[in-house]
Amino acid sequence: MADKSTDLVQGTLDMLILKTLALEPMHGYGLAVRIEQMSKGVFTINAGSLFVALQRLQRAGLIKGEWKATENSRRAKYYALTEPGRKHLNSETREWGRQVAAIARILEAS
Amino acid sequence: MFWLRNITGGLASLFRKERVDRELDEELRTYLAMAVDEKMKQGMSRQDALRSVRLEQGNLETTKETVHAAGWESLIETSWQDLRFGARLLRKNPGFTAVAVMTLALGIGANTAIFNVIQTVVLQPLPFADPDQLVWLNGRMPQTDEAGVSPADFLDYRDSNRTFDQLAGISQTVMAGPSNLSGDKPEQVTTNLVSSVFFQTLGVPLLLGRDFQKSDEQINTPQVVILGNGIWKRDFAGDRNVLGHNITLDGQSMTVVGVLSTDIPLISQAQIWLPTPRLHFLMQLRGGHFLKVIGRLKQGVTVPQSQADLNAIAQRLAEKYPDTDQGWSLRQRSLREVLIGPVRPVLLIIWAAAGLLLLIACTNLANLFLTRSVGRQREFAVRTALGATRSRIIRQALAETLMLVLAGGTMGALAASWGVSLLRVFGPSDLPRLQEVHVNLQVVTFAFGISLLTGAMFGLIPALQFGKAGFSGLKESARNSEPAAHRRIRSSLVVAEIAVSLMLLIGAGLLIKSFWLLIHVNPGFQTQHVSTAHLSLNGLSYNDPASRVRFWQELEGRVINLPGIEAVGATSELPLTGQHSDGPFKIPGHKYGPSEFDDAHYRQVTPGYLAAMHIPLLAGRWLDQTDTAKSPGTLLVNEAFAKRFFPGQDVLGKHLDLLGDVQPHREIVGVVGNISHRALSDPQEPEMYVAYAQYAPPTMSLVVRAVADPSTLAAALHETVRTIDKDETLSKIRPLDDIVASSVSQPRFSSLLMSLFAGLAVTLAAIGIYGVMAYSVSQRTNEIGIRMSLGAGQSDVLKMVVWQGMKLAMAGALIGIVGSVLFGRFLGTMLYGVKPSDPFTFVLVSIGLFAVSLAANYIPARRAMRVDPMTALRYE
């Protein structure tokens, strides 16, 4: 847990999931595909880390899951953002923006 | 909020494990199905799509495990699995489990029991309110700082100090008189004189009534009493209306003004408490130092401050009363130190011994586990190959250990509670607060605490070894051989075990030798066939000394005619009972400064006493019927007295001036042998014997030398007393042998416990050596077979194996001897007549330990000797 880079990646994945779910409720596979598409293939999501993150977010109450039928008439668990999740996303996004700006300033200074 | 949800979420998945599993399973399956669908949409065949997804996403089961392991609840789950697995393994090896649990229970039980005693006796605060404020005050003068305080001085200290909330005096001279409380027959009760507000000072509340007040003291003989809790329950059936009742004590009627909430055996055995009668001539003395004083310091006052306060008062008293008070002051110690201090080192040493025993138990178990770990290398190698991580394997090994130590801890706690009840019965009677020792929550916590610590100690080494084995364990050749690291650990464990048991053995040996010397001290009197009894004459009916002398003459005259009686006598102080008084005297012609005098033990005896005790007459004559109240004052002294005060002179015919004596001028008419009066371990001191007829205190001890059966004798003695005076009665009838034995109950206790621990330690160490050697022989069967087929004889093999084991024993013994020399000095204060480095004990004990290790080595060595070379080689 003391590993900084893991924390960063985890946090990043959490934020990406929350951002994606902010658009519409989605199932696991849909999330993976959407994140991959939106990042233009920069991020490929492994099922293991995806479901670990989903379990974590769900336990934190940031998202909630519900079983529904898909368009292909399969049963899938659709995840949706909760109100605390939305707030969390907003504050995380602001924080992210601040950090990116700061990092950019540092990089440009040299 | 987050952690709360996390916990409830985790709990939910723990308790609805199946459903959570099913959901995850379905979710993952859907996920993969969708991925496959996607690939097929892009034109792959179903087969290719499946294969490609599997390549991308990995094994479904592994993914599930990853998700699973991310939640905290999985740790509990696997731990639970580990525990169940451990329990199953332990059940499958009942022999191993029994040995391990028993070893643990022994070590933990011994430690817990001793800890329980230490907790109650040493660690717990004294059972009084604000016990840290309590101090004990002794009279101090150039010769001694163990003296009492004179009653007159006490009053001055009490009234003029500025640093104490209260000071209270207690007269250590216990007065016991006949009373008739329950109404059927007289009995002797133990009473104690205490000054006003004694119980308030001590912080012991009264259940009923009030504490003594100053007005209770303004009398010649006590008029009021406070009942102890025990006698109130026994003789007054716990009657709450007892206040105001009159009871008859020592022929006098007294009014009950209070009942104590509890008896206080720590301070006094008294059953009934009386106020110090200030108008009594003894209580007016400035020169008689017989009060012990307890003080309650004011809050915030330090001991040096109050000592300065007391010293200033002592200074003033010395100026005002130079004849009696010059050179005297008060010594101040915390009450706790006075009561508990003397037993603390004994208990701590016994505790250390118990700790060492536990250490040996741990070592043995570590060895057992190590042996087993070799057998299980393959199992662990397989598990490692199947993906178990090293931490998981160590965790599993620890879980097994945990099961064992919990079982051992439970058994140990049970053994401890049993041991504690044994200690309460058989422990030394002079160990304070022993009867208060009970198993409590703190003790149980301690038992499980050390169990876990123990588990960590003996479980971790093998567990770390398990982890190291890795894949190499799978190789066929590795199946039966033990890594060299194991052998080294195992050998050092045996060496440590032998070293520690040798230290315990030497400690026990020293204590046993010291105890043996102690009980074989010649006390100067013969104890066999002697019975003693206590008799305190009623103060009113026997007010006149002549009447007391007549009573005793008649009693002895009748007792000597009882069947089987050889001799009878009486003394004011029996040896080895704690009764003790000093007689200050001056030798005419010697120069003494102000308040200077000489001092020797002093007692009154009837003419038959010395003969009944078989104390020999060395010169002059016995005291006899010619020494009466009207004849010139006489006394006997012992050899030590003659040597100390009249070195190189003939003491017969010399005179002494006894201070405060009825006959201040006495002639020495005889010299008798020395006796051990205070303790067998103390040097025999100067003694003076005065005829009872010339100085008759009301309280005496009857001494009877008889071949009769003690129980019929007791009945006959009671009957004799009753025929002389139906209101008088004997108490505390017991053989002199008993008195001597209980005077050494503490050294007996400590040497017994030490021997017990040392015996267990040696047994465990022998098992340890045996186990290691037997294992090593079984490992070397092959090698031994080769040696024998190459021509080694049976005796060569025997020698080789025994030598291998004895090398360990010698290394251990060497370390043990060095340790004993280093730590032996802690035993110093407990030893009598033996130095902590006593060579006799060291040599004898080392030889004994070698013999045991040799035996433990010999059995496996013989097995090695009988190895059949052919079988051994085929064994491969």
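A quick note: this is a predicted structure, and the numbers were derived from the prediction, not measured. (Residues numbered from 1 in each chain as written. Chains lettered and ligands numbered in written order. Predicted model: local features only at pLDDT ≥ 70, side-chain atom pairs only at ≥ 80, totals over all residues.)

Take the overall build of chain A next. The number of helices and strands found in chain A is 4 helices and 3 strands. Starting at the N terminus and ending at the C terminus, chain A contains elements arranged as α-β-α-α-β-β-α. Burial analysis of chain A (110 residues in total) assigns 26% to the buried set. (Helix = DSSP H or I, 4+ residues; strand = E, 2+ residues; numbered from the N terminus. Buried ≥ 20, exposed ≤ 12 C-beta atoms within 10 Å, placed from the backbone.)

Residues and elements named next belong to chain B. The interhelical angle for the contact between helix H18 (residues 484-519) and helix H24 (residues 745-779), taken along N-to-C directions, is 155°, at an axis separation of 8 Å. By the angle class used here, H18 and H24 are roughly antiparallel. Viewed along their axes, H18 and H24 form a crossing whose handedness is left-handed. When grouped by side-chain class, the residues that make up the contact of H18 with H24 number 19 nonpolar, 7 polar and 3 charged. (Axes fitted to C-alpha atoms, helices over the stretch in contact; angles between N-to-C directions. Parallel < 35°, antiparallel > 145°, perpendicular 65-115°, else oblique. Left-handed = near helix turned anticlockwise from the far one by under 90°. Nonpolar A, V, L, I, M, F, W, Y, C, P; charged D, E, K, R; others polar.)

For the rest of this paragraph, the subject is the packing of helix H7 (residues 151-160) of chain B against helix H11 (residues 303-320) of chain B. All names here are of chain B. Contact geometry of H7 with H11 gives a least axis separation of 10 Å together with a crossing angle of 130°. As judged from the angle between their axes, H7 and H11 are oblique. H11 is crossed by H7, and the crossing has right-handed handedness. Across from Asp153, Asp156, Tyr157 and Ser160 in H7, the residues of H11 making contact are Leu310, Ile313 and Leu317. (Contact = placed C-beta atoms within 7 Å.)

We now examine the interface of chain A and chain B. By a widespread convention, an interface's size corresponds to the accessible area lost as its parts come together. Taken residue by residue, the interface counts 17 residues in chain A and 18 residues in chain B. Within the residue set of the side of chain A that touches chain B, elements represented by two or more residues are helix H2 (28-38), helix H3 (47-59) and strand E3 (75-81) of chain A. Examining the composition of the side of chain A that touches chain B, we find that 7 residues originate from one element, H3 of chain A, more than from any other. Taken together, the residues of the side of chain A that touches chain B sort by class into 6 nonpolar, 6 polar and 5 charged.

All names here are of chain B. Across its 25 residues, helix H2 (residues 17-41) extends 36 Å between first and last C-alpha, which sits within 8% of the 36 Å expected from 1.5 Å per residue. Taken residue by residue, H2 has Glu27, Leu28, Thr30, Tyr31, Met34 and Ala35 as its buried positions. Count one or two residues on from H2 and you reach Gly43, which has phi positive near 105°. (Expected span 1.5 Å × (residues − 1).)

This part is about the sheet that holds strand E1 (residues 26-27) of chain A. Residue and element names in this part refer to chain A. If you walk across this open sheet you meet the 3 strands as E1-E3-E2, and the pairing is antiparallel. The strands lining the two open edges of the sheet, one partner per strand, are E1 and strand E2 (63-69). When E1 meets E3, the two strands line up antiparallel, connected through 2 bridges. Bridge pairing links His27 to Tyr78 in E3. (Pairing = 2+ DSSP bridges.)

Residue and element names in this part refer to chain B. Taken domain by domain, chain B comprises domain 1 (2-71), domain 2 (142-327), domain 3 (343-519 + 745-874) and domain 4 (542-726). In this complex, domain 2 contributes 10 residues to the contact, which on the side of domain 4 involves 6 residues. With 4 residues, the single largest contributor to the side of domain 2 that touches domain 4 is helix H12 (residues 322-325). (Domains from an automatic or database assignment.)

A few words now on the nonpolar core. Residues and elements named next belong to chain B. Leu357, Ile498, Leu504, Phe757 and Ala761 are the most contacted members of the largest nonpolar core, which totals 104 residues. Counting residues per element, this core draws most heavily on H18, which supplies 17 residues. In this structure Ala761 touches Leu356, Leu357, Ile360, Val500, Ser501 and Leu504, once residues within four positions along its chain are discounted. Val568, Leu576, Tyr602 and Leu636 belong to the second largest nonpolar core, which has 55 residues in total. (Core = buried A, V, L, I, M, F, W, Y, C linked by C-beta atoms within 7 Å.)

All names here are of chain A. Taken together, the 7 bridges between E2 and E3 define a ladder with antiparallel strand orientation. Paired with Lys68 across the two strands is Ala76, which belongs to E3. Joining the antiparallel neighbours E2 and E3 is a turn of 5 residues, in which Ser73 adopts a positive phi near 50°.

Turning our attention to unusual backbone geometry. Residue and element names in this part refer to chain B. A positive phi angle, close to 65°, is found at Arg433, a residue other than glycine. Mapping Arg433 onto the fold places it in the loop between helix H16 (390-426) and helix H17 (441-469). With 18 C-beta atoms packed within 10 Å, Arg433 lands in the partly exposed category. Positive phi outside glycine occurs at Lys732, with the angle close to 50°.

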